Structure formats: C-alpha cells, structure tokens
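Now for the letters of each chain:
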Amino acid sequence: MNDKLKNLWRYIFPAMGGLFVTYLYNVVDGIFVGQGVGAAALGAVNIGVPFITFSVAVAAMFPMGGATVVAIRMGRGDKEGANHAFMTSVALTLLVSLLLTMAGMVFCDQIIDMSGGRTLGKAMRDMAADYLFYYCAFSIPMLMSTCLSAFVRNDGSPTLSFAGMCGGAGANIFLDWLFIFPLDMGVIGAAIASGLGQVFSVAVLLSHFVRRQGSLRFRRFHLSGALAMKICKRGVPEAVSQLTTPVTALCYNLMLARLVGDIGVSTFSVLSFIYSLANAILSGVAQGLQPLWGNCYGEQDTDGMNEYFRWGIRINATLSVAIYGLLLFFTEPVIRIFNQDLELVQNASAALPLFSLSFIPMALNLIYTAFLYSTKRTLQADAISFSRGIVLKAAAIFCLPALLGGDTIWLAPLAAELLTLLLALVLSKTAKPVKSIDK
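Residues numbered from 1 in each chain as written. Predicted model: local features only at pLDDT ≥ 70, side-chain atom pairs only at ≥ 80, totals over all residues. Heavy atoms only, no water.

A. Representation of the packing of helix α7 (residues 158-180) against helix α8 (residues 186-210). It is the contact of α7 with α8, at a shortest axis distance of 7 Å, that shows an interaxial angle of 155°. Here α8 runs roughly antiparallel to α7, going by the angle between their axes. As for the relative orientation of α7 and α8, their crossing is right-handed in sense. For the contact of α7 with α8, a count of residues per class yields 14 nonpolar, 12 polar and one charged. (Axes fitted to C-alpha atoms, helices over the stretch in contact; angles between N-to-C directions. Helix = DSSP H or I, 4+ residues; strand = E, 2+ residues; numbered from the N terminus. Parallel < 35°, antiparallel > 145°, perpendicular 65-115°, else oblique. Left-handed = near helix turned anticlockwise from the far one by under 90°. Nonpolar A, V, L, I, M, F, W, Y, C, P; charged D, E, K, R; others polar.)

B. Spatial organisation of the nonpolar core. Within the largest apolar cluster, 110 residues are counted, with the highest numbers of intra-cluster contacts made by Y252, L289, W293 and W410. The dominant element in this core, judged by the number of residues it contributes, is helix α11 (residues 262-298), at 18 residues. Other than its neighbours up to four places away in sequence, W410 contacts Y252, L256, T267, F268, L271, A351, L354 and F355. Core analysis: the next-biggest nonpolar cluster, separate from the first, contains 23 residues, A67, V69, F86 and C147 among them. (Core = buried A, V, L, I, M, F, W, Y, C linked by side-chain atoms within 4.5 Å. Buried < 20%, exposed > 50% of the residue type's maximum accessible area, 1.4 Å probe, protein only. Contact = heavy atoms within 4.5 Å.)

C. Summary view of the pattern of salt bridges. Enumeration over the complete set of coordinates arrives at five salt bridges. With its nearest N and O atoms 2.7 Å apart, the salt bridge here joins D113 to R125. Taken together, the residues D113 in helix α4 (residues 108-114) and R125 in helix α5 (residues 122-136) connect sequence positions 12 residues apart. Exposure remark for D113: the relative accessible area of 15% places this residue in the buried category. Between R336 and E332 there is a salt bridge; the shortest N-O distance is 3.1 Å. Of the two residues, R336 and E332 are both situated in helix α13 (residues 331-336); the distance of four residues between them amounts to about one turn of the helix. Residue class for R336 comes out partly exposed when judged on its relative accessible area of 27%. For E332, a relative accessible area of 39% puts it in the partly exposed group. (Salt bridge = Lys/Arg side-chain N within 4 Å of Asp/Glu carboxyl O.)

D. Up close: the state of the cysteines. Enumeration according to the criterion identifies zero disulfides in this entry. No disulfide involves C108; its nearest neighbouring cysteine sulfur is the one of C136, lying 7.9 Å away. (Disulfide = S-S within 2.5 Å.)

E. The packing of aromatic side chains, seen in detail. If you walk through the whole model with that rule in mind, you get 12 aromatic pairs. Between Y275 and F359, the aromatic rings sit 6.1 Å apart at their centres with planes inclined by 45°, giving tilted as the arrangement. Of this pair, Y275 sits in helix α11 while F359 sits in helix α15 (residues 359-374), and the two are 84 residues apart along the sequence. For Y275, a relative accessible area of 5% corresponds to the buried category. These aromatic residues form a ring-pair network of at least three members: F86, F151, F209 and F218. It is R314 that lies over the ring of W311; its NZ or CZ is 5.2 Å from the centre. (Phe/Tyr/Trp six-rings, centres within 6.5 Å; stacked < 30°, edge-to-face > 60°. Lys NZ or Arg CZ within 6 Å of the ring centre and 35° of its normal.)

F. View of the packing of helix α6 (residues 139-154) against α8. Two numbers describe how α6 lies on α8: the axes approach to 9 Å, and their chain directions differ by 30°. Between α6 and α8, the interaxial angle falls into the category roughly parallel. Pair α6 / α8 crosses with left-handed handedness. On the side of α6, the interface is formed by P141, M142, M144, S145, L148, S149 and V152, while α8 contributes Q198, V199, S201, V202, L205, L206, H208 and F209. For the contact of α6 with α8, the class distribution of residues is 10 nonpolar, five polar and no charged.

Functional significance is not addressed by these values, which are geometric in nature.
Next comes the structure, spelled out in structure tokens:
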C-alpha cells in the first residue's frame, strides 16, 4: 500500500466517523423522543432542526475555511501563518456561537413559527419551542466541538478528533436515556443531553492543545480583516453545502404541514434523521480528503490532488449505493427504530425508497465541491453548493408536487442533486487548472 493510500484511510475514517457522530446527536434525540415521548414529540424535534442545522452550517464556514488555509500553509512550511489562521477561525466561531445562542433563546417561538410550526397543533408547537430553547443554550460547545474537531484533524491527530466526537456521543446517549426515561424530562431532557454531550466532546478535543501534540497553539493574536475574509471565502462552499439540510427540512416542513398536517411532519422527521446520517458519512469522506488536497496544493503536487480526487469519487459512489441498498431492503425496520406508530411507519416506508435515491448523486456532488474549494477554485465550488443547497432543492420541493402530484415531493431531492451533478461536471471541466499559489 503506497503512502497516499495510507494517508487516505488515515484521514477519511476519522473524518467520516466524526461527522457521523456529530449528526448522531439529533438522531439519538429523535430515537429516544420517538420511543419515549411519542410521534408528536418526534415531529416537534424536527421542527427545530432547520435552525439548529442552519447554525451548524453557518459556523462551519470558519473551521472548514480556516482548515483549508491551515493545510495549504502547512504544505508550504508556514507554521506561524497556519497558527494565525487557526486562532482567527476559533475567534470567529466563538463570536457567531454567542450570537446564535442569544437569537435561538430569545426568539425560539418566532423561529418555530417560521419553520412551519404555526399550522401545527399546540402541543407539538410548544414542545418544539422548548426543545429549541434548551438546545440553543449550548450553542457555544455545540459549534466549538465541530470547529476544534476540524483543526485537531488537520493538525495531525485525526484519531483524537474522532475520539472526541465519539466520547460526546456516548455521553449524549446515556444522558438521553437518563433524562427521558427515569427522569421523564421529555424533549427538554433530550436537548440538555445533547448540549452536555457537546461539552464533553470539547473537553476531549482540548487535550490535543493542552498536551501540545501538534503545531497549532492557543495564543494571543491580532485579528486580520484580510485573513478573516480569506477564511470566510474558503469556507463558503462548505457552509452552503451544509445548508442543504436546513433548507430541505424547512421546505418540507412548510409543504407537509400545509398539505398533510402533523403526521406529514412526523414522517419527514424520520426521513430527515436518516438523511443526516447518510450525508454525514458521505460528507465525511470529502472532509477527510480536504487536508490531503490542501497539502498537495501547497506542495504543488497536481498528480497527488488528482489521485485523491479519483479515490474520493470511487469511495463515495460505492458508499452511496451500499447505503441505498441497505435502506431499500430494511426500510420498515429502520423506520421502527424511531417510532412504532402504524400510520407513521406506513407513510415513511413508502417515502424512504424514493427519498434516499438522492444519496447517490449527492455523494458525487460533495466530492466535486470539496475538491474545488480545497484547491482555491472557490467560485466554481460556490456555484455548485449554492445551486444544490438552496436554489434547486427549494425549487424542486415546491414545484414538483404542484406539477406532477403530491407523491412526487419525495423525489424532489433526487431531481435537485441530478441537476447539480450536471452543473458540477461542466464546471469541473471548465475550471482553470491550479498554476500558482497566493499567500
């Protein structure tokens, strides 16, 4: 096995596992709430998902943009510049986390109404507001765990990055059980359990810097507007790519709340949890490749970049087909993990085979996007991410049912991802090859 292949697996597995575990927080909440509180509570948790995942997407701009800058500077041997980018990213993440904490806690009722809660029953709406309020109270550790995980991975400790996320998930699972079943705290307990799990994850990740295991350090720095803008620019494609989750959830919640009612929102809540885990696995491959592409770019190793790109396409294509196959053959058992309600199981079992078809083109789109932004072809990456995550996804969800009937709403993600893939193929062919490296 050559060195590039060893590096590939060394970075992909922890990144994939870490992102999977990050999304597992909401999924575990959904499982415990669905089994311990009921189908209405399951829908209530999903109503809060658009704002929560929106927060994660916005904050992802700083660690992923910063990690790209760090990887390129490390590849050039500029450790001081890499550390400056690291500290700038951490500061920006903390600032945005604080703002999102205040917004989520002060305006939780209004956010729930904007997410489709206005047309739902009072019980589901009240539970959604409670869940969002307490979840947002932990926005700082929630977003800092994602930030620190990216930099620990880029600083040569992908295994610790994965361990930190796993430790937090383990704590979340135990606390979900404790707060929902023995203590009977309902959706509030689920939100607090997730927050405390993130606190544990941050503590584990901080050990990398306390023990001074890599090159990055916490130290005083001067905030540079130019560097902050560069980090944001590099991170926009990843942030927009992650916006596909809240945009999808918001559009589906609005449409299903109007067309079907509470059971429609509960049905989509199950599908959205499954989608988030599939997205985590496939995005994890792309994120694991990011530092490898960045280092190759810094070293001007074009052959290495292209080799990692080909491997990324093969791996994600294989994983997406495998995920779809598993969901196709085990549809009903997967649905029943979340809730046993007969109507919910029937509705979700009919929708899942159609909805999950989108995972296959999505897997390829994620690789194209990450490859382009990791090698400073940001304009093309932005176009793919924006089209996929916002424009095409929203248009498909609102337009397909109106044009072809209500059942086609579950095929909307597939239509959006296929159109995006065509765009990605065109832009990847027309994007100028990397010739020089700026500072």
